[in-house]
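Each chain, letter by letter, is given below.
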Amino acid sequence: MTAFTIAIVGAGPRGTGVLERLLARRSAADIHVHVIDPFPPGAGRIWRGSQPPLLWMNSVAADVTTFTDDTTVVDGPIRTGPTLAEWVLDNVDTLRADPELQDELERFTPGSFASRTLQSRYLGWVFERSIAGSSAHVQVHRARVVDVSTEQVLTLDDGSNIHADVVLLAQGHPDALASQRETELADFANAHGSTYIGPGYTADLDPGPVPAGEPVLVAGLGLAFIDWMVLLAESRGGTFARSENGTLVYTPSGREPVLYAGSRRGVPYHAKLSYDIAAARPPLPKYFTADAFPGDGPLHFRDEIWPLASKELAWAHYYELFAAHPERTSGSWTDFECGLTEIEWQSEELVRFVEQYVPKDDDRIDLARIDKPFAGVRFADLEDVRTHLDEYIETDLRRRADPYYSSDAAVFSALLSVYMTIGELLRRGRIPAHSVAADVEGWLHSFFSFVASGPPPLRLEQLLALSRAGIVQFLGPEVTFATEGDRFVASSAAHDVVIHADTLIDARLPVASIARAGDELLRTLHARGDVTDIRATEQSAAKIAVDGRSRLIDASGEPAQRSYAVGPWVAGHTWSSAFPRPRTNAGFFRHNDQLAAELLGHRHDREAHLESR
């Protein structure tokens, strides 16, 4: 009997994670697994080691793991292993032999934000450990898959073919071909001798064409902006140093541009929390569970899902406030929890009730104000914007470093819990495809990233220093980027200032589009109708459609029987896509484990079929 064959397309963290869960099972003995990726296995493209050392992760090393632990609820075996921090400290002498890592290792602690280069070394080791000692045969192909036939034959760009019984697509973050808007902006730049740099992964983009000493418009204030900020300042010879009072000061090299940056919110992502948050982890979930929604019909996100999810976030916030800071509350937690449970959510009665038990406005949670902190604010000019933004960032840095505000950590944990429940609702088919695209992939993922997946605090300190040095100018909220005459322009709905420039940077990741993916395989499958996509509007992300078991859905709406997909470009998978934190029963492991069971289940189906012949 020929070996049961599984093909995993993509050898980054997600493909490696599913592989680990496959090989952890005894039932994986005597199978043949093909892992196909042109980039190094484990790290893959996004986390490959060949990146500028100034590009960091946005999680501290102690909070990054790729191994299950005793909190992980999975059907497969638990296979423990070190966090990134533990692995680095255990192997520091060996790692020091790498000249790219020597400076970083001198100051490395479990609380460090590791470089992506250092993370790549960890992920490569994880891949090797996952396959070590397994009786399965794992074959790595450093190539690209350009097609997968309906008979599960994979065609590689080196001309070879692989016959598989089951296929998993796990390409991670592919590139996207330029959209119509991006093409128009590039054409405009070419016609007028200006510069347009479209969306992309920062390590793949060339900052060289960005001119020194000139105004440059930057669309976006998220993590991609932080990378651009580093590459256009510190990488050009500028230096950061502490003044006598501890304030970070930037000394320009003279080769920096002047960055005029803005976005819809007008503020950067919140800094990562920099204190130990383990103690501020409430018993979750409280209200927001998949079983809280009876029946099996579709749910409306704004009317049914988000109100209960919001209540969950509020409950976590107040649970921690009453438990850790009772002096800032009035009355008993039991009475407060009872009222929060019974009084209609978002009602005036609930507002008055919370005010009675939580006297200070600063101690109450307001999700709408968190989401859009400058909604309705008018600014006199850019100096007024800078004053407000600098104060906002300073406040954020103080708050994210101070356990006095440990309710923020509780909300972080609650957001992770909300995402887990969203994942279960997706598996049960309770969220319609349009809502997955518009509400989950669109608004919720944006809100989660803004609140819980921001940059290291030092990066925001550096942003403040660049603002004070005049290298970064904030444009405020509701910014529009366009063209006027022969130049790019930026304007905000919050003030009357218009900035003109000859350079525009779209500081964001490519918007997912299967039809326009940079990955030839995805384009081919989509053109043939073997995969379809989910999108909210013509301009929004178009991600791979799968059913609750992660099986590909074709153009006719039917699920494939032996083809699966997982990852950030798959609709509904943002709930399990980030690097897992240890001891949190992370969705990453649970999802990978379910997929491993699915893939191996086809082995039994094939054996039963052969026996019946």
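Q: How should I be thinking about the overall build of the protein chain in this particular structure?
A: Summing up its helical and strand segments, the protein chain has 17 helices and 21 strands in all. Computed over the C-alpha atoms, the radius of gyration of the protein chain is 25 Å, within 12% of the 25 Å expected from 2.2 N^0.38 for a compact globule of 613 residues. Expressed as lengths along the three principal axes of its C-alpha atoms, the size of the protein chain is roughly 80 × 65 × 55 Å. Every one of the 613 residues in the protein chain was classed for burial, and the buried ones make up 55%. For the protein chain, the proportion of contacts with a sequence separation of at least 24, taken over those separated by at least 6, is 73%. For the protein chain, the accessible surface area stands at approximately 25500 Å², while carbon and sulfur atoms represent 50% of it. Of the charged side chains in the protein chain, 57 are positive and 84 negative, and the gap between their average positions amounts to 2 Å.

Q: What should I look at first to understand helix α5 (residues 116–131) in this one?
A: Residue pairs three or four apart in sequence face the same way in an α-helix, which turns once every 3.6 residues. The end-to-end C-alpha distance of α5, which contains 16 residues, comes to 23 Å, matching closely the 22 Å that a straight helix rising 1.5 Å per residue would cover. Following α5 by one or two positions, Gly133 has its phi on the positive side, about 80°.

Q: Looking at this model, I keep getting lost on helix α6 (residues 180–192). Mind explaining?
A: Its 13 residues place the ends of α6 18 Å apart at the C-alpha level, agreeing with the 18 Å of an ideal helix rising 1.5 Å per residue. Those residues of α6 lying buried are Glu182, Leu185, Phe188 and Ala189. The buried residues of α6 all sit within an arc of 120° when viewed along its axis, so they share a single face. Facing away from the buried side of α6 by more than 90 degrees, the exposed set consists of Gln180, Asn190 and Ala191. The elements touched by buried residues of α6 are β8 (195–197), β14 (479–484), β15 (487–492) and β17 (503–506). Taken from the residues just after α6, Gly193 is the one with a positive phi, measuring 70°.

Q: Before we go on, may I ask you to explain the pairing of strand β10 (residues 239–242) in this structure?
A: Successive residues of a regular strand alternate their side chains across the two faces of the sheet. The pairing of β10 with strand β11 (residues 248–251) spans 4 bridges and is antiparallel. Bridge pairing links Thr239 to Thr251 in β11. Taking the residues between adjacent antiparallel strands as the criterion, β10 and β11 are bridged by 5 residues, where Gly246 takes a positive phi near 90°.

Q: Looking at this structure, how should I read the environment of Trp87?
A: By secondary structure assignment, the location of Trp87 is in helix α2 (residues 84–90). It is 9.7 Å that separates the C-alpha atoms of Trp87 and Thr65, two residues lying 22 residues apart in sequence. Filtering out sequence-adjacent residues up to four positions away, Trp87 remains in contact with Pro82, Leu95, Arg121, Tyr122 and Trp125.

Q: Honestly, the pattern of salt bridges in this entry has me stumped. Any pointers?
A: Two side chains of opposite charge can pair, provided their charged atoms sit close to one another. Scanning the entire structure with this criterion turns up 38 salt bridges. Note that Asp593 is salt-bridged to Arg25, the shortest N-O span being 2.9 Å. A residue pair is termed long-range when its members are at least 10 positions apart, and Asp593 in helix α17 (residues 587–612) and Arg25 in the loop between α1 (13–23) and β2 (31–36) qualify at 568 residues. Since its relative accessible area comes to 3%, Asp593 is described here as buried. Taking the relative accessible area as the measure of exposure, Arg25 reaches 13% and is therefore buried. Residue Arg378 is joined to Asp496 by a salt bridge in which the shortest nitrogen-to-oxygen separation is 3.2 Å.

Q: Could you clarify how one ought to interpret the packing of aromatic side chains in this entry?
A: What describes a pair of aromatic rings is the distance from one ring centre to the other and the angle between the planes of the rings. This model, assessed by the stated rule, comprises 28 aromatic pairs. A ring pair is formed by Phe301 and Trp306, whose centres lie 6.4 Å apart and whose planes are at 10°; its orientation type is stacked. When its relative accessible area of 2% is taken as the criterion, Phe301 is described as buried. Given the relative accessible area of 9%, Trp306 is considered buried. A ring pair is formed by Trp443 and Phe447, whose centres lie 5.2 Å apart and whose planes are at 10°; its orientation type is stacked.

Q: Explain the sheet that holds β2 here, please?
A: Pairing between the strands of a sheet comes from backbone hydrogen bonds, and it takes one of two forms, parallel or antiparallel. Spatially, 6 strands are ordered β3-β2-β1-β7-β21-β20 in an open sheet, and the strand pairing comes out mixed. Edge positions in the sheet fall to β3 (137–141) and β20 (551–553), since each has one partner strand and no second. On average, each strand axis in the sheet is inclined to that of its neighbour by 30°, with strand direction left out of account. Relative to strand β21 (residues 559–565), β20 runs antiparallel, the two being bridged by 2 bridges. Bridge pairing links Arg551 to Tyr564 in β21. Strands in contact with α1 are β1 (4–9), β2, β3 and β7 (166–169); relative to β1, the strand with the most contacts, it is inclined by about 155°.

Q: Which parts of the structure should I look at to understand the nonpolar core?
A: Of all hydrophobic cores here, the largest spans 114 residues; its most connected members are Leu217, Phe225, Trp306, Tyr318, Phe336 and Ile422. If near-sequence neighbours (up to four positions away) are discounted, Trp306 is found in contact with Phe301, Leu313, Leu367, Trp443, Leu444 and Phe447. Listed in part, the 26 residues of the second largest apolar core include Val148, Tyr201, Val546 and Val570.

Q: Explanation requested: the side chain of Gln462 in the structure shown.
A: Mapped onto the fold, Gln462 is located in helix α15 (residues 457–468). Owing to a relative accessible area of 5%, Gln462 belongs among the buried residues under this scheme. When near neighbours in sequence (up to four residues on either side) are disregarded, Gln462 contacts Met229, Glu234, Phe240 and Leu248.

Q: Teacher, can you tell me more about empty space enclosed by the protein here?
A: The method is simple in principle: a probe with the dimensions of a water molecule rolls over the atoms, and the space it marks as empty is what remains. Tallied over the entire structure, the rule returns 4 cavities of 30 Å³ or more. The calculated volume of the largest cavity comes to roughly 50 Å³. Partitioning the lining of the largest cavity into residue classes produces 7 nonpolar, 3 polar and no charged.

What counts and how
Residues numbered from 1 in each chain as written. Predicted model: local features only at pLDDT ≥ 70, side-chain atom pairs only at ≥ 80, totals over all residues. Heavy atoms only, no water. Helix = DSSP H or I, 4+ residues; strand = E, 2+ residues; numbered from the N terminus. Rg over C-alpha atoms; globule rule 2.2 N^0.38 Å. Buried < 20%, exposed > 50% of the residue type's maximum accessible area, 1.4 Å probe, protein only. Contact = heavy atoms within 4.5 Å. Areas by Shrake-Rupley, 256 points an atom, 1.4 Å probe, with all protein chains shown as cover. Lys, Arg positive; Asp, Glu negative; His and termini not counted. Charge placed at Lys NZ, Arg CZ, Asp CG, Glu CD. Expected span 1.5 Å × (residues − 1). Arc of directions from axis to C-beta. Pairing = 2+ DSSP bridges. Salt bridge = Lys/Arg side-chain N within 4 Å of Asp/Glu carboxyl O. Phe/Tyr/Trp six-rings, centres within 6.5 Å; stacked < 30°, edge-to-face > 60°. Axes fitted to C-alpha atoms, helices over the stretch in contact; angles between N-to-C directions. Core = buried A, V, L, I, M, F, W, Y, C linked by side-chain atoms within 4.5 Å. 1 Å grid on protein atoms, 1.4 Å probe; cavity = no way out; pocket = protein on both sides within 12 Å on 5 of 7 lines; lining within 4 Å. Points joined across faces, edges and corners; volume = space filled by probe spheres on them. Nonpolar A, V, L, I, M, F, W, Y, C, P; charged D, E, K, R; others polar.

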